[in-house]
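Observations on the model geometry
For reference, the chains in residue letters:
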Amino acid sequence: MARIRIEHLRHSYVPRPARESDWALKEVDLEWADGGAYALLGPSGCGKTTLLNIVSGLLRPTAGRIFFGDADVTASPPGERNIAQVFQFPVVYDTMTVYDNLAFPLRNRGVPEARVDSRVREIAALLDLESMLPQRAAGLTADGKQKISLGRGLVRSDVNVIMFDEPLTVIDPHLKWRLRSKLKELHQRIGLTMIYVTHDQTEAMTFADQVVVMHEGTVVQVGTPVELFERPRHTFVGHFIGSPGMNILPCRLENGVARFAGVAIPTANTAAETPNGARTEIGVRPEFVRFASAGIPVRVAAVSDAGRHQIVETRHGDTVIRLLLDERDQVPTVAAHVSFDTAFTRLYVDGWLAG
Amino acid sequence: MSARTVNQKAWWLVLPVLVLVGFNAIVPLMTVVNYSVQETFGNNKFFFEGVKWFEMVIHSARFHDALKRQLLFTAIVLAIEVPLGVAVALAMPRRGVWASVCLVLMSMPLLIPWNVVGAIWNIFALPDIGMLGWTLNRAGIDYNFTRQPVAAWATLIAMDVWHWTSLVALLAYAGLSAIPDAYYQAAKIDGASSWAVFRHVQLPKMKHVLTIAVLLRFMDSFMIYTEPFVLTGGGPGNATTLLSIDLVKIALGQFDLGPAGAMSLIYFLIILLLSWMFYRVMTLGEAE
């Protein structure tokens, strides 16, 4: 087991990257502590799987280095890195039994059969696969197969890190949470570093201690789920995380005070100085927007029922401001005003948190 | 629930197919059945003979010899083409321009008409002017496929391998292309050797297409006629007289319609039986 350090990592699938858009990963620096549970979160095409494959050694980065502990593993093949990976679609060796599947990585490494047997049984017990050991792996359900993929990683005692590449994609919804809590439980019991790639914020937030949010090949924020929710460093994080995402209102700065629709909006942070032509925006989550007697004049455009609360979509001109109301609250029928909770209203310059 | 409407008009939609199948399969086959139980002395007069021709064919040494040659030929051809085809498929690039180039090159032999293949190889192997025959003889190997049974067999097999290995290779290649990258990646992470990858990932995933490849190659090679007819005509002597060539000799050479009919049916049943056996063996354990 080891700490994982990624330095100045860049990767491009194009042989001679010229334009900025040729890079699938643009300059990534990260450090993952030993035994942590991390999530790589971002939309499709943001580079999270590329990053994962570079860590596992399936891809060789165009530039930059990766360290496991103090060893530079940038050039090592996956077989030598002592990593395990669970893929989006379950990979099992169809012709083998569950037992042989779990034993496969050990047998490939020439581990004595007695040791193989004890490890396989131990891991099968951990994953509740004991009763299925003599079965053909091909006949299992998707979640059973995913457990085998995971088991093939766990069975090796020298594993540095287990990586999950959207492992719940093909799992039935009602089994998803069970497998997810199994993963969480495993993490607590065996204390292995786990990296979990997903585009599903719920999966990321429930699994990880630290979430790495990626967008267009860069890491936009690393933080705990609470930090990502309460203090998004980038409007993308605000928008991507949360349901519905953060409201983003274009604003003008006058003497350091943000103004939207002619109304001064007090913010928790202030911009030191903004370059000319910079895009300035106010970000506030729907959770921190309220109907008020004064503030920004809006009209109510739509109301949708989300169970315990209602999502109200209001508009000022073309700008949409969403807010959450308790299910019992009355929604004003036509014209109304909204105001924001200053502590959670932030100013963004060119997408990034100002100040 | 409304009552089910019974409407038999749909049968009319099936009729064209029935007529087509009737005229191109059932009627010719029944003609053969008809011949196989009758004797004629011309003038379109037929006499019923029961199973006489069947007994004759089954006990004929000539038929036994042709059947043995046929089985040997098919066995050799399968034993070479299936492993070779898989090996070629494994060696073909999976992506890029060269993948397309390889695919086109591999398809070429399959696009050549069978009699042309026979003619090409006939000329290619001629001992005096053919490139292959001439080269072999110049190299000191006495080679003449029109006179030596071994040379005739070797040429026949080389021709079939040249003509049909592509089919196995293309099918195996299709099977290989359908394997998701994740399998190779997982195997890499599991520390699998390339043999282990072949044995536990590639071969199981190719199983279905290989079943089809083996069946197709079995049936085609068991029925092969045109190429050996053009290449050796069944000679020297009867050395390369395979079942189909023998059948044509009996039916059209000697005009023995009765025995030829009986032999056709026995031939057909052998193919059917062996295909079924191949299929059962190759899909064994699938029901689990």
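Residues numbered from 1 in each chain as written. Chains lettered and ligands numbered in written order. Predicted model: local features only at pLDDT ≥ 70, side-chain atom pairs only at ≥ 80, totals over all residues.

For chain A, the helix and strand inventory stands at 9 helices and 22 strands. In terms of principal-axis extent, the alpha carbons of chain A reach across some 75 × 50 × 30 Å. For chain A, with 355 residues in total, the buried portion stands at 40%. Of the contacts made within chain A by residues no fewer than 6 positions apart, 66% connect residues no fewer than 24 positions apart. (Helix = DSSP H or I, 4+ residues; strand = E, 2+ residues; numbered from the N terminus. Buried ≥ 20, exposed ≤ 12 C-beta atoms within 10 Å, placed from the backbone. Contact = placed C-beta atoms within 7 Å.)

What follows deals with the interface of chain B and chain A. At the junction of the two partners, chain B supplies 16 residues and chain A supplies 20 residues. Listed by contribution, the elements that provide at least two residues to the side of chain B that touches chain A are α8 (181–189) and α9 (194–222) of chain B. Per-element tally for the side of chain B that touches chain A: the top contributor is α8 of chain B, with 6 residues. Grouping the amino acids of the side of chain B that touches chain A by side-chain chemistry returns 9 nonpolar, 4 polar and 3 charged. (Nonpolar A, V, L, I, M, F, W, Y, C, P; charged D, E, K, R; others polar.)

Time to look at the domain arrangement of chain A. For chain A, the domain assignment lists domain 1 (4–235) and domain 2 (244–353). With 5 residues of domain 1 of chain A at the interface, the matching set in domain 2 of chain A holds 9 residues. (Domains from an automatic or database assignment.)

A few words now on the environment of Gly 36 of chain A. All names here are of chain A. Tracing the backbone shows Gly 36 in the loop between β2 (23–32) and β3 (37–41). The partly exposed category is assigned to Gly 36, around which 19 C-beta atoms lie within 10 Å. The sequence separation of Gly 36 and Gln 210 amounts to 174 residues, and the corresponding C-alpha distance is 8.0 Å. Not counting the four nearest positions on each side in its chain, Gly 36 is found in contact with Thr 193, Asp 209 and Gln 210.

In this section: the sheet that holds strand β18 (residues 309–316) of chain A. Residues and elements named next belong to chain A. Spatially, the 5 strands line up as an open sheet ordered β16-β20-β17-β18-β19, and their pairing is antiparallel. Two strands bound the open sheet, and with one partner strand each, they are β16 (289–292) and β19 (319–326). For this sheet, the mean inter-axis angle between neighbouring strands, taken without regard to orientation, is 50°. With 6 bridges connecting them, strand β17 (residues 296–305) and β18 associate as antiparallel partners. Paired with Val 303 across the bridge in β18 is Val 312. (Pairing = 2+ DSSP bridges. Axes fitted to C-alpha atoms, helices over the stretch in contact; angles between N-to-C directions.)

Another aspect to go through is the sheet that holds strand β14 (residues 263–265) of chain A. Residues and elements named next belong to chain A. Pairing is antiparallel across the open sheet formed by 3 strands, whose spatial order is β12-β13-β14. Of all the strands in the sheet, the pair left with one neighbour each is β12 (252–254) and β14. Averaged over neighbouring strand pairs, the angle between their axes works out to 45° when direction is ignored. Strand direction decides the pairing type here: β12 and strand β13 (residues 257–260), joined by 3 bridges, are antiparallel. Of the residues in β13, the one forming a bridge with Glu 254 is Val 257.

As a further point, take helix α3 (residues 98–108) of chain A. Within the sequence span of α3 of chain A, burial applies to Val 98, Asn 101, Leu 102, Ala 103, Phe 104, Pro 105 and Leu 106 of chain A. Once α3 of chain A finishes, Gly 110 of chain A follows within two positions and takes phi at roughly 70°, a positive value.

What follows is about unusual backbone geometry. Residue and element names in this part refer to chain A. In the segment running from Ser 243 into Pro 244, the intervening peptide bond is cis, with an omega of -5°. Note that Pro 244 resides in the loop between α9 (235–240) and β11 (247–250). Positive phi is not limited to glycine here, since Glu 27 has a value of about 50°. Mapped onto the elements of the fold, Glu 27 is located in strand β2. Here Glu 166, not a glycine, exhibits a phi torsion of approximately 40°, which is positive. With respect to the element layout, Glu 166 can be found in the loop between β7 (161–165) and α6 (173–190).

Residues and elements named next belong to chain B. Between helix α2 (residues 52–59) and helix α12 (residues 257–282), the least distance of the axes is 8 Å, while the angle of their chain directions is 70°. The angle between α2 and α12 falls in the class roughly perpendicular. Judged by the sense of rotation from one axis to the other, the crossing of α2 with α12 is right-handed. Listed contacts from α12 to Trp 53, Phe 54, Met 56, Val 57 and Ile 58 of α2 are Gly 258, Pro 259, Gly 261, Ala 262, Met 263 and Ile 266. (Parallel < 35°, antiparallel > 145°, perpendicular 65-115°, else oblique. Left-handed = near helix turned anticlockwise from the far one by under 90°.)

Next up on the list: the nonpolar core. Residues and elements named next belong to chain A. In terms of nonpolar packing, the biggest core is built from 73 residues, with Tyr 38, Ala 39, Leu 40, Ile 195, Tyr 196, Val 212 and Val 213 touching the most fellow members. Residues within four places of Leu 40 in sequence aside, it is in contact with Lys 48, Leu 51, Leu 52, Ile 195, Val 197, Val 212 and Met 214. Among the nonpolar cores identified, the runner-up in size contains 19 residues, and Leu 323, Phe 340, Leu 347 and Tyr 348 belong to it. (Core = buried A, V, L, I, M, F, W, Y, C linked by C-beta atoms within 7 Å.)

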